[in-house]
Amino acid sequence: MDNCYIKMENVNLYYPSHIYNATTLKQEVFSFLKLQKKKEKLEDVHALKNFNLNIKEGEKVGIIGHNGAGKSTLLKTIAGIYPIKDGIRDIRGEIRSLFDLSLGFDLESSGRENIMYRGLLLGETPKTIKEKEQEIIDFAELGDFIDYPIRSYSSGMLVRLAFSISTSVAGEILLLDEVIAAGDAAFHKKAKKRMGDLMDTAKILVFVSHDLTTIQEICTRIILMEHGRIIADGDPDEIVHHYNSNHFSLN
Ligand SMILES: Nc1ncnc2c1ncn2[C@@H]1O[C@H](COP(=O)(O)OP(=O)(O)OP(=O)(O)O)[C@@H](O)[C@H]1O
């Protein structure tokens, strides 16, 4: 029996529209004065439709599809971030998500303190974080800035710290949304190598990207999504060929 797997059966996920349906006072007044038509009621967005998926240990699965196809939603659903309306989500294995890298950052705290906060969010203990702390700082190349509040960091420095922390913890199931363009060219090279190591150690990789060449290189299977559904699933060369010959728009 597999130690790790991802199973989804007839999963439906909706983004509720009530937040967008709220009317502002200005809109009410304008509508009352007949200066503006009353706002049309928006429907919930049905982002995953009767979705079925089975991923076994050892698979490296690439997810491709047009903008808004539901790729990121699928990753976040696997990660358990979004509650599903119905269906079954059955996951075995420790999940490591590499998206929303700066989640859990506190701008007023130092880089060092943020390593601790973010590490705890990633499921580490204070002791294991302390053991990794120096390696994380060295990889991020932040020098003395590590003890400054991260509010003082440039955006590149912030990305380097976030990347360094997030990739310091391996996971059995690695969920990746587009390879993170971390920092400048030199850092990017280093980051790519570290990502490669993480992908090699993961038992399952699910990788969302618009970059067909990279995804074809890395993945053992590709899933093509359209409007919340899988429309092709299989061997990377075949799916890319299918995509190319059917002129799907991936952008
Ligand atoms: N927070 C949200 N609230 C409402 N609708 C959303 C939200 N996030 C995504 N959606 C909608 O869900 C659908 C799927 O979006 P998703 O971000 O998963 O697509 P994607 O395939 O990752 O797109 P892209 O390639 O542009 O990143 C789209 O119709 C999008 O408008």
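If you're wondering where the values come from, they're calculated on a predicted model, not measured in any experiment.

Criteria and cut-off values
- Residues numbered from 1 in each chain as written.
- Predicted model: local features only at pLDDT ≥ 70, side-chain atom pairs only at ≥ 80, totals over all residues.
- Helix = DSSP H or I, 4+ residues; strand = E, 2+ residues; numbered from the N terminus.
- Contact = placed C-beta atoms within 7 Å.
- Pairing = 2+ DSSP bridges.
- Axes fitted to C-alpha atoms, helices over the stretch in contact; angles between N-to-C directions.
- Core = buried A, V, L, I, M, F, W, Y, C linked by C-beta atoms within 7 Å.
- Buried ≥ 20, exposed ≤ 12 C-beta atoms within 10 Å, placed from the backbone.
- Near = placed C-beta within 6 Å.
- Nonpolar A, V, L, I, M, F, W, Y, C, P; charged D, E, K, R; others polar.

**Quick notes on the overall build of the protein**
Helix and strand counts for the protein stand at nine helices and nine strands. Partitioning the contacts of the protein with sequence separation of at least 6, the portion at a separation of at least 24 is 76%.

**Looking at the sheet that holds strand 1 (residues 5–15)**
With antiparallel pairing, three strands are arranged side by side in an open sheet as 2-1-4. Of all strands in the sheet, those bounded by a partner on one side alone are strand 2 (45–56) and strand 4 (86–92). Averaged over all pairs of adjacent strands, the angle between strand axes in this sheet comes to 20 degrees, irrespective of strand direction. In this structure, strand 1 lies alongside strand 2, joined through eight bridges in antiparallel fashion. Among the inter-strand pairings, Val 11 is bridged to a residue of strand 2, identified as Phe 51.

**Let's talk about the nonpolar core**
Of all hydrophobic cores here, the largest spans 54 residues; its most connected members are Val 61, Ile 63, Leu 175, Ile 204, Leu 205, Val 206 and Phe 207. In terms of residues, this core owes the most to one element, helix 6 (residues 155–166), which gives six residues. Residue contacts for Val 61: discarding those within four places in its chain leaves Ile 55, Leu 205, Val 206, Phe 207, Cys 219, Arg 221 and Ile 223.

**Things to note about the site of the ligand**
Close to the ligand lie Tyr 15, Val 45, Ala 47, Gly 65, Asn 67, Gly 68, Ala 69, Gly 70, Lys 71, Ser 72 and Thr 73, which account for all nearby residues. Residue assignment for the shell around the ligand shows that the elements contributing at least two residues are strand 2 and helix 3 (71–78). Sorting elements by how many residues they give to the shell around the ligand places helix 3 first, with three residues. A per-class count over the shell around the ligand returns four nonpolar, six polar and one charged.

**As for the pairing of strand 1**
Consecutive residues of a regular strand have side chains that alternate between opposite faces of the sheet. Of the pairings in the sheet, the one linking strand 1 to strand 4 comprises six bridges and is antiparallel in character. Counterpart to Met 8 in the pairing with strand 4 is Arg 89.

**Quick notes on the environment of Tyr 148**
In this structure, Tyr 148 sits in the loop between helix 5 (126–140) and helix 6. With residues near it in sequence (within four places) discarded, Tyr 148 still touches Ser 110 and Gly 111.

**Remarks on the sheet that holds strand 8 (residues 221–226)**
Strand-to-strand pairing in sheets goes through backbone hydrogen bonds, with the strands running parallel or antiparallel. Spatial strand order, 5-6-7-3-8-9: six strands in an open sheet with mixed pairing. Where the open sheet ends on each side, the last strands, each with one partner, are strand 5 (95–98) and strand 9 (229–234). Taken pair by pair, the neighbouring strands of this sheet meet at an average axis angle of 15 degrees, ignoring direction. As paired strands, strand 8 and strand 9 are joined by five bridges and run antiparallel to one another. Across the sheet, residue Met 225 finds its bridge partner in strand 9, namely Ile 230. Set on the sheet, helix 9 (residues 236–246) makes contact with strand 3 (60–65), strand 8 and strand 9; between it and strand 8 the angle comes to about 30 degrees.

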